[in-house]
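# Notes for the structure review
Okay, here's what each chain looks like letter by letter:
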2 protein chains.
Amino acid sequence: MAVKSRGRSREQAIEKAAELYAERGFAATGVAEVIEKSGTPKGSFYFNFPGGKEELGVEAVRSAGGNLEAGINVLAESSDSPAAFLDSLVGALVAGLEASDYSRGCPIATVALETATTSEPLRSAAGEQFAAWQRAIARGIAGGDEPKADDRLLAGQVLMLLEGALLMSRVGRTTDPLTGLGPAFRKLVED
Amino acid sequence: MAVKSRGRSREQAIEKAAELYAERGFAATGVAEVIEKSGTPKGSFYFNFPGGKEELGVEAVRSAGGNLEAGINVLAESSDSPAAFLDSLVGALVAGLEASDYSRGCPIATVALETATTSEPLRSAAGEQFAAWQRAIARGIAGGDEPKADDRLLAGQVLMLLEGALLMSRVGRTTDPLTGLGPAFRKLVED
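I will try to describe carefully the structure that is included in this document. (Residues numbered from 1 in each chain as written. Chains lettered and ligands numbered in written order. Predicted model: local features only at pLDDT ≥ 70, side-chain atom pairs only at ≥ 80, totals over all residues. Heavy atoms only, no water.)

By a simple turn and slide, chain B fits onto chain A: the slide is 0.0 Å along the axis, the RMSD is 0.0 Å, and the turn is 180 degrees. Here the two chains are linked by the operation of a two-fold rotation axis. Taken together, the interface assignments show that 100% of the residues at the interface of chain B recur at the interface of chain A, consistent with an identical surface on both copies. (Least-squares fit on C-alpha atoms with pLDDT ≥ 70 in both. Contact = heavy atoms within 4.5 Å.)

All right, on to helix α8 (residues 149-172) of chain B then. Under the 1.5 Å per step criterion, the end-to-end length of α8(B) is 34 Å for 24 residues, consistent within 8% with the ideal 34 Å. A positive phi of about 50 degrees marks B:R173, the residue just after α8(B). (Helix = DSSP H or I, 4+ residues; strand = E, 2+ residues; numbered from the N terminus. Expected span 1.5 Å × (residues − 1).)

Moving on to unusual backbone geometry. Both trends apply: most residues other than glycine have a negative phi, and most peptide bonds are in trans. Residues and elements named next belong to chain B. Even without being glycine, D101 reaches a positive phi, approximately 50 degrees. A relative accessible area of 45% places D101 in the partly exposed class. Backbone geometry places R173, a non-glycine residue, at a positive phi of 50 degrees. Within the secondary structure, R173 is located in the loop between α8 and α9 (176-179). Overall, the relative accessible area of 35% leaves R173 in the partly exposed class. (Buried < 20%, exposed > 50% of the residue type's maximum accessible area, 1.4 Å probe, protein only.)

The subject of this paragraph is the interface of chain B and chain A. With 37 residues of chain B in contact, the opposing surface of chain A contributes 37 residues. Here chain B meets chain A over a buried area of about 3400 Å², counting both sides, of which 72% is carbon and sulfur. For the interface between chain B and chain A, the tally reads zero salt bridges. Our enumeration of links across chain B and chain A arrives at 10 residue pairs in polar contact (both at pLDDT 80 or more). (Buried area = accessible area lost by both parts, 1.4 Å probe. Salt bridge = Lys/Arg side-chain N within 4 Å of Asp/Glu carboxyl O. Polar contact = N/O pair within 3.5 Å; in protein donor to acceptor, adjacent residues only side chain to side chain.)

Written out as structure tokens, the structure reads:
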């Protein structure tokens, strides 16, 4: 019972941290704020996260990254064509931006940029998530087949465009950069 | 003389701040560290920056953004073709990453993502720089002519790809995402 409760408070802290990191980054989000806003016991934080803030950061990157990967996989499986898959992926990202008043774009880009030079565990955790998203996008582009080298290459280009568009959308407080990606996607997908 | 010296210490603080923001972001870079590492007088900081850290941030975004814009303009003027322009732009960004051991990708993306939700002056300053880069890239694509609507659209796509590639390059500690953009650029530029 106590173990279960501790596991839950760890999960709650990770989820809240991921949310705050997406909105304003790793450095601006203190451990005390995560504890307070997640409603988790202060005393158990370093029991749950012996590695402190960096461990919380790594887990938050994995959690947020895993959620997005799962979402991409659902869209990949439910789309009839590469074009429909990319449209639905853009639609999901647009919905996330709008629901959060442009606070939530890429769930890990801010943390990744902040820590790429200063924390090897965080850099590495972010790199694994980007690679997982690229694989998931490649599956969506391959339309249910095993992705080929071309699909993986294209998925990388799609991911870079999406990351750039999410940055521009947050900064511009408009979804135009994302919703305008259609023509670029079509040119890239054409052989 | 005193005024000139104060102007110089303001510039030095702005340059050092821009460098640190590019490496690890706005929140992780304290004013005290900027003062110390720029070798500027502590006592004059709030005289030079009455708006404090946020003002320093806005000036750093403008300074770093203006430097990149000027660099893009030089490449635009010295390139024979849109393809040569894009190659030289990628080359300049690769050189920056390598010279800094992958610490410096986009000079303002980290700050922009960190502050888009929390600081209207910083969000707005970053937005102006992205718009200026897009205009400069459009001129490079137009090959010296006045950019048309298509050039501006394409410049936006190029900028998004570059931002995504710089993110992936920093996180992956490899320039492959940037140097691999050639095929995507060629597909986008083709009519």
